[in-house]
Amino acid sequence: DAPVSKDLAMKVLICGDVEGRFAATFGRVAKVEARNGPFEALLCCGRFVGPEGALPQERAPIPTYFFDPSLPDVEAGADVAENVRYLGPCGIASVKGRSTVLTVAYASVEDVRKLTDAARVTGYLGADLLLTSEWPRGIDTHVDEATVAAMRARGVYLNALGSAG
């Protein structure tokens, strides 16, 4: 395999569940962008909105794309805040960078069949990246409560880890 040209590379950030913590997430992204950027996009998978269903009011520091299967009242492709776009519950999207385009396939476990059906279109060449909204089965196997507590202390809330609570 030939190495990928730097002209075709696209530097993106990927995050899991935001759960309505927009200010904290966007603040962290801004810090990472300042130290290690430039990044061309932030891709968020999992639960984006919090329990009350509120969407962000603040501007994202870099173009931000999210999919969240729990948003039935938001139209796919909608800009929900400045620099924040809802991709939809399941699909294939093109994320444009400065010099290239990244093809992103995204789906919840329940929607994988829809995604595979969509990918059967004649001429479909595949995706560069697959995003799913659920943690892999068994991710919580053999994770002790001290590890769960340490992750929560760092602001990482992985509901699949350890016992509920």
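Residues numbered from 1 in each chain as written. Predicted model: local features only at pLDDT ≥ 70, side-chain atom pairs only at ≥ 80, totals over all residues. Heavy atoms only, no water.

Peer 1: An account of the overall build of the protein chain is needed here, citing residue identities and associated values.
Peer 2: Helix and strand counts for the protein chain stand at three helices and eight strands. Of the regular secondary structure in the protein chain, the N- to C-terminal order runs β-α-β-β-β-β-β-β-α-β-α. Sequence separation of at least 24 residues holds for 51% of the intrachain contacts in the protein chain that already meet a minimum separation of 6. Counting only carbon and sulfur atoms, one obtains 54% of the accessible surface of the protein chain, whose full area is about 10,100 Å². (Helix = DSSP H or I, 4+ residues; strand = E, 2+ residues; numbered from the N terminus. Contact = heavy atoms within 4.5 Å. Areas by Shrake-Rupley, 256 points an atom, 1.4 Å probe, with all protein chains shown as cover.)

Peer 1: Tell me what's going on with the pairing of strand β2 (residues 41-44), and back it up with residues and numbers.
Peer 2: Across the two faces of β2 the burial is the same, with Ala-41 and Leu-43 and Leu-42 and Cys-44 all buried. Handedness of the crossover joining strand β1 (residues 12-15) and β2 through helix α1 (residues 22-36) is recorded here as right-handed. In this sheet, strand β3 (residues 64-66) lies alongside β2 in parallel orientation, the contact comprising three bridges. The residue bridging Leu-43 from the neighbouring strand is Tyr-65, located in β3. (Buried < 20%, exposed > 50% of the residue type's maximum accessible area, 1.4 Å probe, protein only. Right-handed = clockwise from strand over helix to strand, strands pointing away. Pairing = 2+ DSSP bridges.)

Peer 1: Residue-level account of the packing of aromatic side chains, with values.
Peer 2: Inspection of the entire model under this criterion finds five aromatic pairs. Look at Phe-22 and Phe-26: their rings are 6.4 Å apart centre to centre, the planes differ by 35 degrees, and that puts the pair in the tilted class. Of this pair, Phe-22 and Phe-26 both sit in helix α1, four residues apart, which is roughly one turn of the helix. Here Phe-26 falls in the buried class, since its relative accessible area comes to 5%. Note on Phe-66 and Tyr-86: the rings are 5.1 Å apart at their centroids and 40 degrees apart in plane angle, and the pair reads as tilted. One end of the pair, Phe-66, is in strand β3; the other, Tyr-86, is in strand β5 (residues 84-86), with 20 residues separating them in the sequence. Lying across the ring of Phe-39, Lys-11 places its NZ or CZ 4.9 Å from the centre. (Phe/Tyr/Trp six-rings, centres within 6.5 Å; stacked < 30°, edge-to-face > 60°. Lys NZ or Arg CZ within 6 Å of the ring centre and 35° of its normal.)

Peer 1: So what's going on with the pairing of β1? Which residues, and what values?
Peer 2: Covered by surrounding structure in β1 are Leu-13 and Cys-15 only, the residues Val-12 and Ile-14 on the alternate face being uncovered. Pairing of β1 with β2 involves four bridges; the strand directions are parallel. Paired with Ile-14 across the strands is Leu-43, a residue of β2.

Peer 1: Could you give an account of the environment of Ala-118, with specific residues and numbers?
Peer 2: Within the secondary structure, Ala-118 sits in helix α2 (residues 112-118). Residue classification places Ala-118 among the partly exposed residues on the basis of a relative accessible area of 37%. With 26 residues separating them in the primary sequence, Ala-118 and Ile-92 have C-alpha atoms 8.3 Å apart.

Peer 1: Describe α1, with residues and values.
Peer 2: Along its 15 residues, α1 runs 20 Å from first to last C-alpha, staying within 8% of the 21 Å computed at 1.5 Å per residue. Listing the buried residues of α1 in full gives Phe-22, Thr-25, Phe-26, Val-29 and Val-32. Buried positions in α1, seen along its axis, are confined to an arc of 120 degrees and lie on one side of it. Opposite the packed face of α1, turned more than 90 degrees from it, sit the exposed residues Ala-23, Ala-24, Arg-28, Lys-31, Ala-34 and Arg-35. (Expected span 1.5 Å × (residues − 1). Arc of directions from axis to C-beta.)

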